[in-house]
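Close look at the chain arrangement
The chain contents come next:
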Amino acid sequence: DIGMGLINRKQFEELKKAKETLKNSPVYMDTNSYANIEYIETTIKKYKQLFDINIAIVDYAQLMSERGDDQTAELGRISSRLKKLSKNLDIGIILLSQLNRLNESRTDKRPQLSDLRQSGNIEEDADMVVALYRDDYYNKDTKYPGVLEYLIRKNRNGPTGLIPLKFDLETNRITSSE
């Protein structure tokens, strides 16, 4: 919408304000789309040393491994290395992962832990596994339009369950449902 000039003056001003907020926030990005696990480890260590980061987000696991017969084992090695790095640097690492497509064949399309099974040891290594689900994506006549379900599927240090959030499709904004 921005590139096509389809936003109004108010939306443009909100974008400018958000850009300034981000510009002045301690957020650092490395956009190397060809990164392997060695590059990721080195970069996270460098950012920890230079900026004392508390969290790193890796998007996404499958891009660091070659497709093929050994991808599950390779993803397991990547997951294990990131877990060790997290502990050694005392930071949180959020690893985004693609799910298999098994949920598409189920009546209830909500992602389950089993949908991560082909992603190496991600489920095993993770302290927490979270999935997102929008019923209105699958059911146009849903009773829950605009609701994003934050599904805590695994939590070593606390409860599992569902947290309902509001999702604005037009802006992709997620807010508390309260």
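In this text the structure is predicted, and so the values were computed from the model without any measurement.

1. A word on unusual backbone geometry
One non-glycine residue, Asp90, lies in positive phi territory at about 55°. Residue placement: Asp90 occurs in the loop between α3 (71-89) and β2 (92-96). Even without being glycine, Asn172 reaches a positive phi, approximately 60°. If you trace the backbone, Asn172 turns up in the loop between β5 (161-168) and β6 (173-176).

2. With respect to the sheet that holds strand β4 (residues 147-155)
Overall, antiparallel pairing links the four strands, which are arranged β3-β4-β5-β6 in an open sheet. Looking at which strands have only one partner, the edges of the open sheet turn out to be β3 (128-133) and β6. Ignoring which end each strand starts from, the neighbouring axes of this sheet average 35° apart. Where β4 meets β5, six bridges bridge the pair, whose relative direction is antiparallel. Directly across from Leu148, in β5, lies its bridge partner Leu165.

3. A closer look at the nonpolar core
One recurring pattern in soluble globular proteins: nonpolar side chains tend to sit buried together. Counting 20 residues, the largest nonpolar core has Ile40, Ile44, Ile53, Met64, Ile78, Leu82 and Ile91 as the members making the most contacts within it. Secondary-structure elements contributing two or more residues to this core are α2 (37-51), β1 (55-59) and α3. By residue number, the principal contributor to this core is α3, which donates five residues. Apart from the residues within four sequence positions on either side, Met64 is in contact with Ala35, Asn36, Ile37, Ile40, Val58, Glu74, Ile78, Leu82 and Leu95.

Cut-offs used in this document
- Residues numbered from 1 in each chain as written.
- Predicted model: local features only at pLDDT ≥ 70, side-chain atom pairs only at ≥ 80, totals over all residues.
- Heavy atoms only, no water.
- Helix = DSSP H or I, 4+ residues; strand = E, 2+ residues; numbered from the N terminus.
- Pairing = 2+ DSSP bridges.
- Axes fitted to C-alpha atoms, helices over the stretch in contact; angles between N-to-C directions.
- Core = buried A, V, L, I, M, F, W, Y, C linked by side-chain atoms within 4.5 Å.
- Buried < 20%, exposed > 50% of the residue type's maximum accessible area, 1.4 Å probe, protein only.
- Contact = heavy atoms within 4.5 Å.

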